[in-house]
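# Working through the structure, step by step
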Amino acid sequence: MHIRYRLFALLMGFIPMVLAQNRDVLSSPIDSLTLSKDTLAEQTVLDQVLISTKRLATISQEQANTILMEQELISSFSGQSVAAMLNQIGGIEINGATGHSGQNLGYYVRGGNNRQVLIMVDGAVVSDASGIATDFDLRLLPVDQIESISIVRGPSSVLYGSGAATAVIYIKTKQYNAQKPTLVLEQSLGSNRSADQSPLSGIQRNHSASFSMGQGPWNFQAQASGRFNDGLSAIAPSENERAFDRDHFRQFNTRVEIKYTSKKRWSMQQFFAYDQLRQDFDNFNYQDARFQSATKQWRTGGSFYFVGKDSRYEFHDQWSQTHRDINSDYPAAYRALNYNADQFVATRWNNQFESVLGTQGGWSSMDLAQASGPTNSFSTVLSHRDTRTYFIDSYLNMTYKPLASFSLDIGGRWHHHMRYGNQGVYQISPRYSFSNLWGDFSLYGRYGTAFIAPSLYQLYDPIYGNEDLKPEFNKSTELGLVWQKNNMKWGLRWFQRYEEQAVIFALLDPELFVYQYANNPQDQRRSGVEVELALQAASRINLNVFYTWVNASDFELLRVPEHKFNLHVDFKISNSEKLSWRWTWSDVRRDQYFDSNSFTNQNISLKPYHWVDLVYSARLSASLNAQLSVTNLLNQEAQPLYRYSGQGRNILLGLQWSSKQY
């Protein structure tokens, strides 16, 4: 039987089993329809507030490690990229967010990189099978489509996926539930320049439109957006070189969704999306060039929800097809297919015990065609048939709270990988809470493991691939203290993680300069501290402070600051006006570049920088909003990599009109 049908049969076979074991989910008396609506509405609120969690009860310990970004904060980044938004969140470093819009992105959380960070959109894991790290390209997702983002820090492999070693970035797209037809239009225009260019050297344009309407239990919504940047060169010229040509960036996104909400505690939805990127880039030898990369991605997926009195069942899946074409001195065409499905039932058995039981599965494959020169024909070097892989998981997490002051989380996941067989990951987390005159205190610990399989590119690439690669294993420990009183909350966390058999890009033959992916024979330790403070200083002022320290004691941590400081201040001027001030200080970052004279990698340090944003938003009328943003107010140089351009001070003016009056 075909792989996709076996996965579908396994996942769907889980539904009747879990429902049959829970009468509260199956039984819904006719005279309790009103209660069912209230339960569903309450669950919807829960999903908006803690969308990252798969649990039902407030005894969940995940809240202590979760950063929630709601619509009010996300809307202040309108016209910018998702990467730029996440880079200003405490504990998160998105390398490339301060540079050219087409710059490849690196996701760094707690000393981990793209391979240890799991990205989910509307409940399903998203990825690109042809990528080196199999990570999802956040440039494909526009800010105007996002309702909320939850970032779960620390080991989360049991509930979300075997590779969630350092963080889970859970993105929830916008859901429009209005019955009346509603149209929302957004437009923004601004500058796009580096720190040493004139104010009008380049421009950025953004526009989007969304339409939604409902008819009884049915709801339909459609969205389209575009983004264009011009002005920056991907590579910055040296002092003695002429100004490099501008490298354009274009982004286009569309999404259509249909949703049905039943009066009997269940709902379902299906979406179809098409995303496109096109960006210019320069040569990797730091010379100006007219190279171009074009990415097209088709995605479709759906969700099914069933809410009972003390339980809820969810099913999420996404399928994607990605085309990425590289037009350079060595052209290449990548094709990738991905499918991921996850389903679970969360049950609150009583006030002391709750559980999450689920299954997850997916498959992926890639195709690669290359040419030896710009004018030469392509030849296929990898095919979907030769690279196809799949996995099947089942997981169980239990939370037990025998005392009002103590709770225990414990869970495990069985992971079957087509190439590496059966693997297991687990997690345990105790928590102790108490209150006194000084406030509410919470002490917790967490220990978890993770399993990360090599990517298809690392295994099968004809030049750098290595089919003898072994999987990577992570072991993470975390200790935390949270204190809260009145309008102030303070948290302190220490973390430590060990990497075993990490996949690295190794120099095998220094004389012939032969590189290949290999397993690191030495274990690596990564540790650090996070400190955060949230304060509502007055009825109109909110302040959030976050400090991160990452200790690179026995490894070279490239492009990640050892110290990073974030400060957000929101001031509500009136009921229709708001002023936000965001400050990020990034410490010195280590980097390396390839010296073509000595044919060796050279170490270099990237300068520290202060990044300050000022955002003023105002409601001009019942249907019209305006926003003025000044990014990198101090006009400091924030190079993402050695010799790569960084954004300077830029201004962005945006307008939003809605047919629904507020």
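Numbers given to residues run from 1 along each chain, matching the order in which its sequence is written. Residue-level local features of this predicted model are given only where pLDDT is at least 70; pairs of side-chain atoms are given and counted only at 80 or more, and the full residue set underlies all totals for whole chains, interfaces and linings. Water and hydrogen atoms play no part in the side-chain values, which are based on all heavy atoms of the structure.

### Some thoughts on the overall build of the chain
Numbering goes from the N terminus for both helices and strands, where a helix is a DSSP run of H or I of at least four residues and a strand is a run of E of at least two. A count of helices and strands for the chain gives eight helices and 34 strands. Categorising residues by exposure relies on relative accessible area from a 1.4 Å probe, with only protein chains included: less than 20% of the type maximum marks a residue as buried, more than 50% marks it as exposed, and the intermediate range marks it as partly exposed. Here the chain, with 662 residues, has 56% of them falling under the buried criterion. For the chain, the exposed surface amounts to about 29000 Å²; the carbon and sulfur share of it is 57%. Only the protein chains shown count as cover for residues, and the accessible areas themselves come from Shrake-Rupley with a 1.4 Å probe.

### Observations regarding the side chain of Arg299
Of note, Arg299 is situated in strand β13 (residues 291–307). Taking relative accessible area as the criterion, Arg299 reaches 3% and is therefore assigned buried. Contact definition: two residues touch when any of their heavy atoms are within 4.5 Å. For Arg299, the residues in contact, after removing those within four places along its chain, are Val121, Leu141, Arg255, Phe271, Phe272, Ala273, Asp275, Gln318, Trp319 and Ser320.

### Considering the sheet that holds strand β1 (residues 66–69)
Strand pairing is assigned whenever DSSP identifies at least 2 bridges connecting the two strands. Within the open sheet, the five strands sit side by side as β1-β6-β7-β4-β5. Their pairing is mixed. The open sheet has two free edges, formed respectively by β1 and β5 (124–125), since each of these has just one partner strand. As defined by bridge partners, strand β6 (residues 146–153) adjoins strand β7 (residues 167–173) across seven bridges and the pair is classed as antiparallel. Within β7, the position partnered with Ile149 by the bridge is Ile171.

### As for the pattern of salt bridges
Between Lys or Arg on one side and Asp or Glu on the other, a salt bridge is scored when a side-chain nitrogen of the former is within 4 Å of a carboxyl oxygen of the latter. Under the defined criterion, the tally for this structure stands at 25 salt bridges. A salt bridge links Asp122 to Arg255; the shortest N-O distance between them is 3.1 Å. With a gap of 133 residues between them, Asp122 in the loop between β4 (117–121) and β5 and Arg255 in strand β11 (residues 249–261) connect regions that are remote in the sequence. Classification of Asp122 as buried rests on a relative accessible area of 9%. A residue is classified by how much of its surface remains accessible, and Arg255, at 2% relative accessible area, is buried. The residue Asp288 makes a salt bridge to Arg242 at a minimum N-O spacing of 3.4 Å.

### Observations regarding empty space enclosed by the protein
Lining residues are those with an atom within 4 Å of a point, where the points come from a 1 Å grid over the protein atoms alone and group into cavities, where a 1.4 Å probe fits but cannot get out, or pockets, open sets with protein on both sides within 12 Å along at least five of seven lines. Grid points are joined across faces, edges and corners, and a volume is the space filled by probe spheres set on the points. Scanning the model with the defined rule gives 10 cavities of 30 Å³ or more in all. Computed from the structure, the largest cavity encloses a volume of approximately 330 Å³. Taken together, 28 residues form the lining of the largest cavity, with Gln80, Ser81, Ala84, Ala97 and Gln647 sitting closest to its centre. At the level of secondary structure, the elements contributing two or more residues to the lining of the largest cavity comprise α5 (82–86), β10 (218–230), β32 (609–619), β33 (624–631) and β34 (650–658). Here the lining of the largest cavity gets three residues from one element, more than from any other, and that element is β32. In this classification, the charged set is Asp, Glu, Lys and Arg, the nonpolar set is Ala, Val, Leu, Ile, Met, Phe, Trp, Tyr, Cys and Pro, and all remaining amino acids, among them Gly, are polar. The residue makeup of the lining of the largest cavity, split by class, is seven nonpolar, 18 polar and three charged.

### Considerations on the pairing of strand β31 (residues 600–606)
Within a regular beta strand, the side chains point alternately toward one face of the sheet and then the other, so they alternate between its two faces. Sheet analysis places strand β30 (residues 589–595) next to β31, joined by seven bridges and oriented antiparallel. Its bridge partner lying in β31, Arg589 is registered against Leu606. Hairpin remark: β30 followed by β31, antiparallel, with four residues in the connecting loop; positive phi at Phe599, about 55°.

### Focus: a nonpolar patch on the surface
Residues enter patches when they are more than 30% accessible in relative terms and free of salt bridges; like-charged ones are connected within 9 Å and nonpolar ones (Val, Leu, Ile, Met, Phe, Trp, Tyr) within 5 Å. Taken together, the side chains of Phe571, Ile573, Leu579, Trp581, Leu614, Tyr616, Leu628, Leu633, Leu634, Ile651 and Leu653 define a hydrophobic patch exposed on the protein surface, amounting to about 850 Å² of accessible area. Every element with two or more residues in the nonpolar patch is listed here: β28 (563–574), β29 (577–586), β32 and β34. Relative to the elements of secondary structure, Leu614 occurs in strand β32.

### Some thoughts on the confidence of the model for the chain
With 90% of its residues at a pLDDT of at least 70, the chain reaches an overall mean of 88. In the predicted structure, residues 1–52 sits below a pLDDT of 50 and forms 82 contacts with residues beyond four places in sequence or in another chain. pLDDT: the predictor's confidence for each residue, scored from 0 to 100.

### Quick notes on the nonpolar core
Take the buried residues of types Ala, Val, Leu, Ile, Met, Phe, Trp, Tyr and Cys, join any two whose side-chain atoms come within 4.5 Å, and each joined set is a nonpolar core. Counting residues in hydrophobic clusters, the biggest one holds 33 residues, and the most contacted among them are Leu86, Leu138 and Ile149. Mapped onto this core, the elements with two or more residues apiece are β1, α5, β2 (92–95), β3 (106–109), β4, β6 and β7. In terms of residues, this core owes the most to one element, α5, which gives four residues. Residue contacts for Leu138: discarding those within four places in its chain leaves Val82, Leu86, Leu105, Tyr107, Ile119 and Ile171. Counting 17 residues, the second largest nonpolar core, distinct from the first, contains Leu368, Leu382, Phe451 and Tyr517.

### A few points about the packing of aromatic side chains
Two aromatic rings, taken as a pair, are described by how far apart their centres are and by the angle between their planes. Aromatic rings from Phe, Tyr and Trp, taking only the six-membered ring of Trp, are treated as a pair when their centres fall within 6.5 Å; an angle between ring planes under 30 degrees marks them as stacked, one over 60 as edge-to-face, and anything in between as tilted. For the structure on display, the rule yields 19 aromatic pairs. Pairing Tyr432 with Phe434 gives two aromatic rings, centres 5.7 Å apart and planes at 35°, and the pair type is tilted. We classify Phe434 as partly exposed; its relative accessible area is 31%. Residue placement shows Arg582 over the ring face of Phe77; its charged tip is 3.8 Å from the ring centre. We call a charge positioned above a ring when the Lys NZ or Arg CZ atom is no farther than 6 Å from the ring centre and deviates by at most 35 degrees from the ring normal.

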